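# Observations on the model geometry
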Amino acid sequence: MFKMKDYAYHIFSPYRVCPLGAHVDHQHGLVTGFAINKGVDLWFNIREDSIVKLSSRTFEGDVEFDINRPSQVKEKHWGDYARGAKYALRKRFELTHGIEGVIQGSLPVGGLSSSAAVLIAYVMAFAKANGIKLQPFEIVQIASEAEREYIGLNNGLLDQACIALSKKDQLLFLDCDTNEYRVIPFGGQNHLPLRETGEGLFEIAIFFSGLTRSLVNSDYNLRVYECKTAAWNMLAYLDAPLKPFDKTFLRDIPKETFEKTRDMMPARFARRAEHYYSEYRRVRQGVTAWETGNLPLFGKLSFDSCESSMNNYECGSPELIAIYKAMRGLEGVYGGRFSGAGFKGAVIALVDPRYKESVEKAVTERYLAEFPEYETTFKTFWVKPDDGARFINDLKIYSGRIQCKP
Ligand code: GLA
């Protein structure tokens, strides 16, 4: 039976939402995001030996492996994320101590980057067990490498950065080319006063469609290649030197080049590039809107970002599109978009807290009128921007090393 007090360490690794700057991190674009107050909990003890033993309160089966040996092939099991974290850490450090732990997720929802959240929790736990001190951005890079090289998703740094670097009630702004980032209070340095009611200016609604999918099996990787193909097309038309495909990013090609060549390339590739360049502009405007306390403009840009995801990037299932249409235009909804890649199940909205009830009711009614088959699985969750992944100091029962069994 699971008892928290049996564990010396507790890591909380939040999920993330991205209001602006979607599908551009892998092209070294500009992104924004929040960590939220729901996520993954990992309770663990450090072992004397190098064995990792894990169980999950969310998924079936136990996981056991040696942290000191190279990772075996993937098993298509939740334990792959722990093996992925080991894989990426082992490239840099010697790992001699395993852990014994229990993991649990707090929302049954796709699209909030639970995979990056668990990877970050494992990276932090394995580092702690082996006395490795990691800088926050190192955690981002190691977890990202685990996801790209071990799990096999060609994604960028958005998820890991939001999860590891966020600060409560602030917006994370990351340049995925230079890796420079800022966490920005609403209204810039001069915090705007909260409402007299004491409530925040917005809460985040997560509308879960009821649909679950894995990104590795979606068109996610295909879209990344389409962006790179657009970049190659542009360079080829200009007779400019090409770089290897994996080192080709839209960020390295000026917008003027796109303007000159867009009509020459197949329309599908031009649409992917249009998404990239327009999202770059929206993020810049959005960050200024946030810094100057203009939530309506920030929200409108998030809506526009979703439109571009649908029309230019061509992602989003009929279910997600129905939720987006149901919420757009409702009183009290500042803005919102598909959460994450839009191949999975959730749509987020920034909502004036005074309208929470009416917004939830209207979206539920409209969505279920179109998709009654999700009557029992469609759900709305309300969350807030929160701090990034961290150790929780509620469990210092004893010093944390357990004896390995003979
Ligand atoms: C997923 C990926 C991220 C990012 C988003 C879309 O969450 O893991 O790297 O590309 O989709 O913005």
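Below, the structure is looked at part by part.

Definitions and cut-offs
Residues numbered from 1 in each chain as written. Predicted model: local features only at pLDDT ≥ 70, side-chain atom pairs only at ≥ 80, totals over all residues. Heavy atoms only, no water. Near = heavy atom within 4 Å. Polar contact = N/O pair within 3.5 Å; in protein donor to acceptor, adjacent residues only side chain to side chain. Nonpolar A, V, L, I, M, F, W, Y, C, P; charged D, E, K, R; others polar. Domains from an automatic or database assignment. Buried < 20%, exposed > 50% of the residue type's maximum accessible area, 1.4 Å probe, protein only. Helix = DSSP H or I, 4+ residues; strand = E, 2+ residues; numbered from the N terminus. Pairing = 2+ DSSP bridges. Axes fitted to C-alpha atoms, helices over the stretch in contact; angles between N-to-C directions.

### Regarding the site of the ligand
Lining the immediate surroundings of the ligand are 13 residues, of which R16, H23, D25, D159 and Y220 lie closest. Measuring from an oxygen atom of the ligand, one finds a side-chain N or O atom of R16 at 2.9 Å. Between an oxygen atom of the ligand and a side-chain N or O atom of D25, the distance comes to 2.6 Å. Grouping the amino acids of the shell around the ligand by side-chain chemistry returns five nonpolar, five polar and three charged. The residues that make up the shell around the ligand include at least three from each of domain 1 (4-189 + 388-404) and domain 2 (203-386).

### With respect to the pairing of strand β6 (residues 170-175)
Most of β6 is tucked away, with six of its six residues classed as buried. Covered by surrounding structure in β6 are Q170, L172 and L174 together with L171, F173 and D175, the residues of both alternating faces. Sheet topology note: the β6/strand β7 (residues 181-185) ladder contains five bridges and is antiparallel. Bridging from a neighbouring strand, Q170 pairs with P185 of β7.

### Quick notes on the sheet that holds strand β11 (residues 379-383)
Pairing is antiparallel across the open sheet formed by four strands, whose spatial order is β9-β10-β8-β11. Each edge of the open sheet is held by one strand with a lone partner, namely β9 (333-338) and β11. Sheet twist, expressed as the mean angle between neighbouring strand axes with direction ignored, is 20°. Note that β9 and strand β10 (residues 346-351) share five bridges and pair antiparallel.

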